[in-house]
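Overview (structure and organization)
What follows is the residue order along each chain.
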Amino acid sequence: MMHLILLLGLLIASYFSSFQAENPFLQYWEEHIGLPHPPHWLAAKASPLSPHQATVFLKLMEENELPFHLPSFCKQANIACSKNALVKKIMDNPMLPPIAQSSAIKVIYDRVPSGSPLSISRQGGLLFFRESMVKQGGFMNITDLRDTMSYNSFLPRSLASKIPFSLARIKELKKLFGVVDDSKMDEYIKDTLEICEKVWTPLLAKKNEKSPIRDEHSTCVTSTEDLIDFVVKKLGHRVSIWSTESIEGSYENVTIGGVKLMYGNLSESPALCHSQPFPSQVYYCHILQRVKVYIVDIYAQKKVNHAIMTCHYDTSTWNPNHIAFKLLGFGPGLIEVCHWINKNGMVWTKTL
């Protein structure tokens, strides 16, 4: 009965306090980041839960009562808790094919002969390419720029820190979010936990190899507070943030417009953060040496997309089995490697 009263109070409070939901994030941003406000798409990723709602759900979680209030929790927190929660949300464009699992992408790359970028390009665009391949007036097959989970939100740190975020506790984690075995969400959770625990990185390295790149500084963040803390720790308070504008150009052979260098200080490494599929928002963030950041105008069929391209100029510590080398036909330290940043991905750079 007590939990029912708490839940009723939560629903009433949510109606009157929805406009306050972003305040904790904005306050934390203003206290730690030297920019007047976050990008609109990042602010939209902040938890919609008010402090009061977070407190109520935390109490339910601590008392193992949250699974009994899962529909309300998922709706109020804007997270995907069941295998069916993604069906209508992940397809930003119904004309595009379903978003490929990272394991499926790996299979495609493993079948391609070494050093054959045009062959793989025709199967859905290039994940990795040379800087010289992106020239104004040229053409290029663009890979999928979508975020697998483009509509879910972060959890507040108070709740995110209580999530059993590990492969060792995956059964407990799936029960918490109501995830069914062998569902799409089950696959997403396993992929993300494997990446975050460094068991292996499906997109970048062969299975059973722990990391495709040695000496990278990486972490997975499960709240906006964790994200900001990582950025400040690695780059300081004075930073800029870059992200691809939209998904336009995905799976298209586009015309390349302007190519503008936005950050070229090779002595100050940026932080790259990639959105990972999970019931709540998770980012895999890492620091790599000698990286330049470009903004590229992609002339897609419908409109121009301003896409972020990062180029890595020190590949000497990369795993020889990295897919980029298989695709481009060179080894560690011999070439630069570039890639696009997906929508909702982000690059943080130090403002000097």
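Here is what the cut-offs are and how they apply
The numbers attached to residues start from 1 for each chain and follow its sequence in the written order. At least 70 in pLDDT is required for a residue's local features to be given in this predicted model, at least 80 for side-chain atom pairs to be given and counted, and no such filter applies to totals for whole chains, interfaces and linings, which use all residues. No hydrogens and no water enter the side-chain calculation; it runs on all heavy atoms of the structure. Relative accessibility decides the category of a residue: with a 1.4 Å probe and only protein chains considered, values under 20% of the type maximum give buried, values over 50% give exposed, and everything between is partly exposed. Each helix is a run of DSSP H or I of at least 4 residues and each strand a run of E of at least 2, with the numbering of both proceeding from the N terminus. Strands were regarded as paired on the criterion that DSSP finds at least two bridges between them. The arc in question is the one traced by the directions running from the helix axis out to the C-beta atoms. Contacts are assigned to residue pairs with any non-hydrogen atoms lying within 4.5 Å of each other. Stacked, edge-to-face and tilted are the three classes for Phe, Tyr and Trp ring pairs, Trp counted by its six-membered ring, which pair at centre distances within 6.5 Å; planes under 30 degrees apart are stacked, over 60 edge-to-face, the rest tilted. By definition, being over a ring means that NZ of Lys or CZ of Arg is both within 6 Å of the ring centre and within 35 degrees of the ring normal. Note on definitions: salt bridges are taken to be side-chain nitrogens of Lys or Arg within 4 Å of carboxyl oxygens of Asp or Glu. pLDDT measures how confident the predictor is about each residue, on a scale from 0 to 100. Note on definitions: angles span 0 to 180 degrees between N-to-C directions of axes, and those axes are lines fitted to C-alpha atoms, for helices only across the stretch in contact. What sets the label is the angle itself: under 35 degrees gives roughly parallel, over 145 gives roughly antiparallel, 65 to 115 gives roughly perpendicular, and the rest give oblique. Ten residue types, Ala, Val, Leu, Ile, Met, Phe, Trp, Tyr, Cys and Pro, are classed as nonpolar, four, Asp, Glu, Lys and Arg, as charged, and the remainder, Gly among them, as polar.

1. Some words on the pairing of strand β3 (residues 239–242)
Every second residue of β3 is oriented toward a common face, the buried set being V239 and I241 and the non-buried set S240 and W242. Summarising the sheet, β3 and strand β10 (residues 346–350) pair through four bridges and their orientation is antiparallel. Directly across from W242, in β10, lies its bridge partner V347.

2. Looking at helix α9 (residues 170–177)
For the α-helix, the turn length of 3.6 residues means that residues three or four positions removed from each other point alike. Buried within α9 we find I170, L173, K174, L176 and F177. Looking straight down α9, one finds that the buried residues subtend no more than 155° of arc, so they occupy a single side. The outward face of α9, more than 90 degrees from its buried face, is lined by the exposed residues K171 and K175. The inward-facing, buried residues of α9 abut α5 (70–77) and α10 (184–196).

3. Brief notes about the packing of aromatic side chains
Counted by the stated rule, this structure contains eight aromatic pairs. When the centroid spacing of 5.9 Å and the interplanar angle of 35° are considered together, the rings of F154 and Y283 count as tilted. Of this pair, F154 sits in the loop between β1 (139–141) and α8 (157–160) while Y283 sits in strand β6 (residues 282–287); the two residues are 129 residues apart in sequence, bridging distant segments of the chain. Neither F154 nor Y283 differs from the other in exposure class; each is buried. Through a chain of ring-to-ring contacts, the aromatic side chains of F25, W29 and W348 assemble into a single cluster. The aromatic ring of F330 is capped on one face by R130, whose charged end is 5.6 Å from the ring centroid. When the ring centre of Y313 is taken as origin, the NZ or CZ atom of K292, which lies over that ring, is 5.0 Å away.

4. A look at the pattern of salt bridges
As enumerated under the stated definition, the model contains 11 salt bridges in all. Salt-bridge contacts for E336 lead to R130; the nearest nitrogen and oxygen are separated by 2.9 Å. Highlighted residues: E336 in the loop between α12 (323–328) and β9 (337–340) and R130 in the loop between α7 (117–121) and β1, separated in sequence by 206 residues. Residue classification places R130 among the partly exposed residues on the basis of a relative accessible area of 23%. Counted as one network, the salt bridges with shared partners bring together K174, D181, D186 and K190.

5. Notes on the confidence of the model for the protein
On average, residues of the protein carry a pLDDT of 82, and 76% of them reach 70 or more. Every residue in residues 83–88 scores below 50 in pLDDT, and together they form eight contacts with partners more than four places removed in sequence or on other chains. Segment residues 102–112: pLDDT under 50, and 25 contacts once partners within four positions in sequence are set aside and those in other chains are kept.

6. A closer look at the packing of helix α2 (residues 23–32) against helix α11 (residues 224–235)
Direction vectors running N to C along α2 and α11 enclose 10°, while the axes themselves pass 10 Å from each other. Here α2 is positioned roughly parallel relative to α11, judged by the angle of their axes. On the side of α2, the interface is formed by F25, Y28, W29 and H32, while α11 contributes T224, E225, I228, D229 and V232. Considering only residue class, the contact of α2 with α11 consists of five nonpolar, two polar and two charged.

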